[in-house]
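Listed below are the residues making up each chain.
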Amino acid sequence: MASPQNKRRAIAIVIALVVTAPLKAQTGGQNASTATTSAKDQARDGYVGDDACLRCHADAVASFHKTTHYLTSSEPSETSILGKFTSGNNTLKTANPGLYYRMDESRSDKGKPSFSVTAVEGDAPDTTSETEPIDVVIGSGEKGQTYLYWKGDRLFELPVSYWASLGWVNSPGYRDGYSDFDRAIIPRCLECHATYFKSQPPPFNRFDPVGYSLGIQCEVCHGPGREHVALEASKLARRPTSGTVPGSTSGILNPARFSRERQMDLCAWCHAGLGWSLQPAFSYRPGDELDKFIDLPPPGRYAPPDVHGNQVGLLEQSACYRSSNMTCLTCHDVHGTQHDVDYFSRKCLTCHKPHSATFSKPSHPATSNCVHCHMPRQHTNMIVFNSEGKRMTPEMRSHWIKIYPDIQASVANR
Ligand code: HEC
Ligand code: HEC
Ligand code: HEC
Ligand code: HEC
Ligand code: HEC
Ligand code: HEC
Ligand code: HEC
């Protein structure tokens, strides 16, 4: 299966990030499906793609390719699209009895599958319909997926999304019962969810439909890899018997050696909210000062704090963060999948040793599940979607590590 599907997990999507733009005259462009690996690899100078790392970092690549970072965007396929196309499961009713959506899978003569969303309006037999293809899948599907389509070289959002707990739903932020195929995709959306898209002259949702690269790949966090690959390959050529070569490496960035601020910047690039872009999307490089590229609101401004998509802002308000050298890397290894709360609680205990100054009260519950009380799941109000009359707000893990009186009370009363 392309993606983990934990039904209990909350549903999440950024909605405020989609801008509605009028649909203008089409510009000619190639179809997305013509993108090839070589075209993608050459899209940016010095970038070589994950396959180039396989030879020497096979374990890291295999483990990373199971993470939601890597799976966060993909080409449409039977495995990457999690919504179902089988008859009986392929329609979405809306609050409007005169509008429903149908999701179809079809095959070309060569057997290549393609996928589409059709909005059917009116009462049979007097119905009209609009059909658009699913061309790009955004979201690992751990929580949900949103689908994009190309019109020439412009990218738009489809009105139907998939949510792990519900199946097909109205896309987040869309008005239930109104079909809308005109939401233009902003470059920042792709900057957070893909490795590269090459912007074209305005309007803002024009991209090169061939020179793009999906999934968050190694070089997003490590910078261009060509020099490193060439250097290491030449070392191997000189010493064919040894698999790895001792001594210094160069030509690639290792965030472990960044300052604390630059480490936080790397994660904040995508985990501190939308912000205001000061430079074109995809121009920030790991190790750069992020505030030259994106203007993010300072931590204090999150009142009330929102748990969606802003782990950085929340963590920065925590006493742990302010009184130590903590970064995201204190708890997370992004090369693998981590959901074991015991693992995270052991991270707490590296600083909060029982009976030490930072863990003063002997009456405090001695448990391995610190996260349950001090980093609870909370509802977010930033993501709202309406489906079949229900208004849903998903839950996210709060990264504001602190004492939550409500949670403590509910635990104490049990
Ligand atoms: C020809 C072999 C080879 C290839 C190909 C290769 N690497 Fe490496 N890489 C190494 C070796 C050897 C080291 C030294 C440390 C080690 O053994 O992990 C290293 C170290 C690294 C480091 C740590 C660098 C440091 O300064 O601490 C990173 C990050 C890295 N590689 C990423 C990548 C990425 C990303 C790719 C693909 C774009 C890649 N490597 C391709 C051999 C290779
Ligand atoms: C989301 C950001 C991110 C992505 C994507 C990423 N890395 Fe890393 N990588 C890091 C960070 C941060 C460090 C330093 C801290 C650490 O080791 O976790 C690191 C360290 C490394 C190191 C040196 C440390 C070690 O374990 O030897 C290697 C090698 C490496 N990464 C290879 C890769 C490869 C290969 C890929 C793609 C398959 C990849 N990374 C994808 C963030 C990332
Ligand atoms: C280029 C954008 C980008 C960067 C840089 C980035 N992330 Fe992410 N991260 C994402 C997106 C998007 C998701 C959600 C993926 C999905 O489920 O579709 C995510 C998901 C995650 C998750 C959830 C994983 C899971 O299994 O549920 C963790 C943890 C995480 N990121 C940590 C980090 C850390 C730590 C850093 C800094 C080293 C970092 N990320 C850098 C975009 C990014
Ligand atoms: C500032 C970076 C950023 C932007 C911009 C952004 N996202 Fe996200 N998105 C994330 C992160 C990070 C997550 C992981 C959940 C979280 O932390 O809220 C996520 C989660 C999601 C998910 C759920 C994935 C899953 O299964 O867990 C979907 C779907 C999604 N985003 C779609 C979009 C779309 C579509 C756009 C643009 C129209 C967009 N996002 C814009 C960062 C971003
Ligand atoms: C890198 C070290 C470090 C790690 C890891 C760490 N903390 Fe802390 N934490 C601190 C420090 C330092 C303080 C401040 C202590 C003080 O002010 O006396 C603190 C304070 C706290 C407080 C008091 C908060 C308040 O607002 O008064 C709680 C609760 C807490 N930590 C829980 C946790 C939990 C739970 C984890 C794991 C999820 C964790 N910490 C991980 C260093 C850490
Ligand atoms: C003190 C430990 C700790 C630190 C530091 C930390 N996290 Fe987390 N993170 C967790 C825990 C615990 C979870 C929940 C894991 C789970 O339940 O699967 C989590 C989950 C996440 C998720 C998935 C969100 C969700 O609700 O499912 C993302 C994204 C994430 N972290 C990003 C970050 C980023 C970015 C940073 C740095 C700003 C960071 N984390 C720092 C402990 C930490
Ligand atoms: C059942 C809920 C619960 C769990 C589980 C829990 N805590 Fe707490 N924690 C509390 C409450 C309530 C307080 C505030 C009252 C107090 O000080 O006893 C607190 C206070 C704290 C403080 C600040 C006060 C002090 O003791 O100095 C720290 C640090 C802390 N917890 C860390 C942890 C760590 C680390 C874990 C995991 C080993 C953990 N907590 C597990 C409920 C919990």
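Residues numbered from 1 in each chain as written. Chains lettered and ligands numbered in written order. Predicted model: local features only at pLDDT ≥ 70, side-chain atom pairs only at ≥ 80, totals over all residues.

Chemist: Pulling in residues and values, what's your account of the overall build of the protein?
Modeler: In terms of helices and strands, the protein carries twelve helices and 19 strands. Burial status across the protein gives 33% buried among its 414 residues. Looking at the protein alone, contacts between residues at least 24 apart form 60% of all its contacts between residues at least 6 apart. (Helix = DSSP H or I, 4+ residues; strand = E, 2+ residues; numbered from the N terminus. Buried ≥ 20, exposed ≤ 12 C-beta atoms within 10 Å, placed from the backbone. Contact = placed C-beta atoms within 7 Å.)

Chemist: Any chance you could break down the nonpolar core for me, citing the residues and the numbers?
Modeler: Nonpolar side chains tend to gather and get buried jointly when the protein is soluble and globular. Judged by nonpolar contacts, the single largest core of 35 residues is most densely connected at Ile134, Leu148, Leu158, Val160 and Ile185. Breaking this core down by element, the ones donating at least two residues are β4 (99–107), β5 (113–121), β7 (136–138), β8 (144–151), β9 (154–163), β10 (167–170), α4 (187–193) and β12 (194–196). Of all the elements, β9 adds the most residues to this core, at six residues. Filtering out sequence-adjacent residues up to four positions away, Leu158 remains in contact with Val117, Glu132, Ile134, Tyr147, Leu148, Tyr149 and Ser171. Of all hydrophobic cores here, the second largest spans 16 residues; its members include Met264, Leu266, Ala272 and Tyr284. (Core = buried A, V, L, I, M, F, W, Y, C linked by C-beta atoms within 7 Å.)

Chemist: Mind laying out helix α2 (residues 51–64), listing which residues take part and the relevant values?
Modeler: With 14 residues, α2 extends only 12 Å from end C-alpha to end C-alpha; this falls clearly short of the ideal 20 Å at 1.5 Å per step. Of all the bends found along α2, the most pronounced is centred on His57 and spans about 125 degrees. All buried positions along α2 are accounted for by Ala52, Cys53 and Phe64. Against α3 (68–71), α5 (218–222) and α6 (226–238) lie the buried residues of α2. (Expected span 1.5 Å × (residues − 1). Bend = angle between axes of the 7 residues up to and from the residue.)

Chemist: Account for the site of ligand 3, naming residues and giving values.
Modeler: The full set close to ligand 3 counts 21 residues, and Thr68, Thr72, Ser140, Cys267 and Cys270 are the nearest of them. For the shell around ligand 3, the secondary structure elements donating two or more residues are α3, α4, α5 and α7 (260–271). Counting residues per element, the shell around ligand 3 draws most heavily on α7, at five residues. Among the residues making up the shell around ligand 3, the classes are represented as ten nonpolar, ten polar and one charged. (Near = placed C-beta within 6 Å. Nonpolar A, V, L, I, M, F, W, Y, C, P; charged D, E, K, R; others polar.)

Chemist: Pulling in residues and values, what's your account of the sheet that holds β4?
Modeler: Reading across from one edge, β3-β4-β5-β6 is the order of the four strands in this open sheet, with antiparallel pairing throughout. Each edge of the sheet is formed by a strand with only one pairing partner; in this case those strands are β3 (91–93) and β6 (128–133). Going from strand to strand, the sheet's axes swing by 20 degrees on average, the running direction of each strand aside. Pairing geometry for β4 and β5, over nine bridges, is antiparallel. Bridging from a neighbouring strand, Ser106 pairs with Ser114 of β5. (Pairing = 2+ DSSP bridges. Axes fitted to C-alpha atoms, helices over the stretch in contact; angles between N-to-C directions.)

Chemist: Please provide a residue-by-residue account of the pairing of β4, values included.
Modeler: Of the strand pairs in this sheet, β3 and β4 are connected by three bridges, and their pairing is antiparallel. By the bridge assignment, Lys93 is partnered in β4 with Tyr100. Hairpin geometry of β3 and β4 is characterised by an intervening segment of five residues between the two adjacent antiparallel strands. Hairpin connection, β4 to β5: the antiparallel pair is bridged by five residues, and Gly111 has positive phi, about 90 degrees.

Chemist: How would you explain the pairing of β9 if you had to name every residue and give the values?
Modeler: Most of β9 sits inside the fold, with ten of its ten residues counted as buried. In the sheet, β8 pairs with β9 via seven bridges, with the strands oriented antiparallel. In the strand pairing of β9, Leu148 is matched with Glu157. Sheet topology note: the β9/strand β11 (residues 183–184) ladder contains two bridges and is antiparallel. Its bridge partner being in β11, Glu157 is matched across the sheet by Arg183. Here β9 pairs with β10 via four bridges, running antiparallel. Bridged to Tyr162 within β10 is Trp168. Hairpin connection from β9 to β10: three residues lie between these consecutive antiparallel strands.

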